[in-house]
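# Chain and residue survey
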Amino acid sequence: MNPTYPSNSAPYEESFQRGYGAIGNMERRPDFHQAVKCFIEYQESRIGQATSITVITERFRIKRRRLYDVLNVFESLGVCEKPGVDLFIWHGLRNLKSILINKYNEIIGSNKADISSLQPYDHSIGIQNLTVALIMFFYVTDIITIDLRVVAYIFAGGSNKFRMILCKLYQVVDILSTVGVIFRSQSVSVVTLAPDYFTLPKSVPVVSSVPDVLSVDFLLNKNPKISMINDSRAKYEFVLKKVQQLIQ
């Protein structure tokens, strides 16, 4: 069955055209990337200790604004927390996989989630929300390699926020790539979730809701999780074709 999303592609095309300038203009910053890696290695030896943000900016020569981005990404995944304006506590990467499983169960485990439920435009489009939404996007579509242009296109929901969302997604990927959660490709917009993280929902039992015995899926003996994945993947592929047409 052909997907009906979006039913009216005009707003999406307009959104994409307005924000297209963001694509390919994101510079890769090897100095920033290396500084973040050194920062994380340093913090992994200081798990549970309160650290001054000012001290870190000076020690690793990371701009305060960029360090806040790094901390916000990892805070959204439970790796650290900020109890004060100039303080953060590093909890470590060791629990990252279990935290992602918990988030998967919370957001997707009900078998009712799909791409639409991940769209952050009903909330603050902050880097924390986008970090979680991006990783869940891999899970809900069951696609290990995705195009960030498509993700931004979908998350923008036909609004004028495509460019802003795409830029923030690039920032998230840049940060998560320092710890091997996501890998970038030769194409700046195409990224891959590390296999160890991609297979998490399949390797660990997830919490499922009690089935609705009166639902159509139940009566037709359909697996709601498979239906969710197939529907989400179809939506992704539909938008991917639209994006490819727009950039030709």
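Residues numbered from 1 in each chain as written. Predicted model: local features only at pLDDT ≥ 70, side-chain atom pairs only at ≥ 80, totals over all residues. Heavy atoms only, no water.

## Comments concerning the overall build of the chain
Along its length, the chain carries 13 helices and six strands. Considering the chain as a whole, with its 248 residues, one finds that 45% of them fall into the buried category. Pairs at least 24 residues apart make up 70% of the contacts formed inside the chain by residues separated by at least 6 positions. A total of about 12400 Å² of accessible surface is found on the chain, and carbon and sulfur atoms cover 51% of it. (Helix = DSSP H or I, 4+ residues; strand = E, 2+ residues; numbered from the N terminus. Buried < 20%, exposed > 50% of the residue type's maximum accessible area, 1.4 Å probe, protein only. Contact = heavy atoms within 4.5 Å. Areas by Shrake-Rupley, 256 points an atom, 1.4 Å probe, with all protein chains shown as cover.)

## A short note on the nonpolar core
The biggest cluster of nonpolar side chains holds 71 residues, and the ones touching the most others in it are Phe39, Leu134 and Tyr139. Per element, the largest residue contribution to this core is 11 residues, and it comes from helix H7 (residues 127-141). Both domains that meet at this core, namely domain 1 (32-90) and domain 2 (112-203 + 214-246), each give it at least three residues. Ignoring sequence-local partners within four residues, the contact set of Tyr139 consists of Leu100, Tyr104, Ile108, Leu193, Tyr197, Phe198, Leu200, Pro201 and Ile229. (Core = buried A, V, L, I, M, F, W, Y, C linked by side-chain atoms within 4.5 Å. Domains from an automatic or database assignment.)

## Details of the pattern of salt bridges
Here the structure, examined in full by the defined rule, presents eight salt bridges. The partner of Arg184 in a salt bridge is Asp174, and the shortest N-O contact between them spans 3.6 Å. Highlighted residues: Arg184 in strand E5 (residues 182-184) and Asp174 in helix H9 (residues 162-176), separated in sequence by 10 residues. In this structure Asp174 comes out as buried when scored by relative accessible area, which is 10%. (Salt bridge = Lys/Arg side-chain N within 4 Å of Asp/Glu carboxyl O.)

## Re the confidence of the model for the chain
Residues with a pLDDT of 70 or more make up 73% of the chain, whose mean pLDDT is 80. Between residues 18-27, whose pLDDT stays under 50, and residues either more than four places distant or in other chains, the model counts 21 contacts. (pLDDT = per-residue confidence, 0-100.)

## Concerning the sheet that holds strand E4 (residues 145-147)
Across the sheet, which stays open at both edges, the three strands sit in the order E4-E6-E5 with antiparallel pairing between neighbours. Bordering the open sheet on either side are E4 and E5, each of which pairs with just one other strand. Neighbour-to-neighbour, the strand axes of the sheet open up by a mean angle of 30 degrees, direction not taken into account. Where E4 and strand E6 (residues 190-193) come together, three bridges link them in antiparallel fashion. For Asp147, the partnering residue across the bridge sits in E6 and is Val190. Contacting E4, E5 and E6, H7 runs over the sheet at an angle of about 75 degrees to E6. Docked against the sheet, helix H8 (residues 148-156) engages E4 and E6, running at close to 60 degrees with respect to E4. (Pairing = 2+ DSSP bridges. Axes fitted to C-alpha atoms, helices over the stretch in contact; angles between N-to-C directions.)

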